[in-house]
Amino acid sequence: MIFAWDVENLDHLAKHDVTASEAEFVVVNATSPFPQHVGDGKRRVWGETAARRMLQVIYVLKDQDDVAFEAVDPLDWAVLETKPAAKIARIIHAMELTPDMKRQMRRRRK
């Protein structure tokens, strides 16, 4: 999956002490029942980072024409040129799961 990053979404993650790589890891490694559609084209994933932090990540899928060139790694644009219909994920929110969310997650795993 290819991700778009700009000052706005990076600043939002920083407010929640989440890095871009942590958020990407959670999305890429999502397991059922995630991602969940939560309305307005948004998708939600709950999952663990490589360091076993439990995060909620919300993202939207964008058409290539709706993403600023500088928001995507140049190497990823090269990949996208071969896949003109491919979507780009733009993470709009990420935070550590609350204790209640963690309980819900444990119940789902049983």
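Keep in mind the model is a prediction, meaning the values are calculated, not measured.

## Remarks on the pairing of strand S2 (residues 42-48)
Here is step 1 of the chain: In the sheet, strand S1 (residues 36-39) pairs with S2 via 3 bridges, with the strands oriented antiparallel. Residue pairing across strands places Gly 39 opposite Lys 42, the latter belonging to S2.
Here is step 2 of the chain: Connecting S1 to the antiparallel partner S2 that follows it, the hairpin turn spans 2 residues, and Asp 40 within it adopts a positive phi of roughly 55°.
Here is step 3 of the chain: Here 7 bridges tie S2 to strand S3 (residues 54-62), and the two strands are oriented antiparallel to one another. Paired with Arg 44 across the two strands is Ile 58, which belongs to S3.
Here is step 4 of the chain: Following S2, the chain reverses through 5 residues before pairing antiparallel with S3; Arg 52 in that reversal takes a positive phi of roughly 70°.

## Focus: the side chain of His 93
Here is step 1 of the chain: With respect to the element layout, His 93 can be found in strand S4 (residues 88-96).
Here is step 2 of the chain: Here His 93 falls in the buried class, since its relative accessible area comes to 16%.
Here is step 3 of the chain: Of the polar contacts made by the side chain of His 93, one reaches the side chain of His 12; its length is 2.9 Å.
Here is step 4 of the chain: Leaving out residues up to four positions away in the same chain, His 93 has contacts with His 12, His 16, Gln 56, Val 57 and Ile 58.

## Focus on the packing of aromatic side chains
Here is step 1 of the chain: The tally for this structure, following the rule as stated, stands at 2 aromatic pairs.
Here is step 2 of the chain: Seen from their ring centres, Phe 69 and Trp 77 are 5.5 Å apart, and the 10° between their planes marks the pair as stacked.
Here is step 3 of the chain: For Trp 77, a relative accessible area of 11% puts it in the buried group.

Basis of the calculations
Note that residues are indexed from 1 along each chain, following the sequence as it is written. Only residues with pLDDT of at least 70 get local features here, since the model is predicted, and only at 80 or more are side-chain atom pairs given and counted; chain-wide, interface and lining totals rely on the full set of residues. Water and hydrogen atoms were dropped before computing side-chain values, which therefore reflect all heavy atoms in the structure. Whether two strands pair depends on DSSP finding at least two bridges between them. Note on conventions: DSSP H or I runs of at least 4 residues are helices, E runs of at least 2 residues are strands, and numbering of each starts at the N terminus. Each residue is assigned to one of three classes by its accessible area relative to the maximum for its type, calculated with a 1.4 Å probe on protein chains only: buried under 20%, partly exposed between the two thresholds, exposed over 50%. Pairing of N or O atoms within 3.5 Å defines a polar contact, subject to two protein rules: one partner must be a possible hydrogen donor and the other a possible acceptor, and residues neighboring in sequence count only if both atoms are side-chain atoms. Residue contacts are counted whenever heavy atoms from the two residues lie within 4.5 Å of one another. Ring pairs shown here join Phe, Tyr and Trp side chains whose ring centres sit within 6.5 Å, with only the six-membered ring taken for Trp; geometry is labelled stacked below 30 degrees between planes, edge-to-face above 60, and tilted in between.

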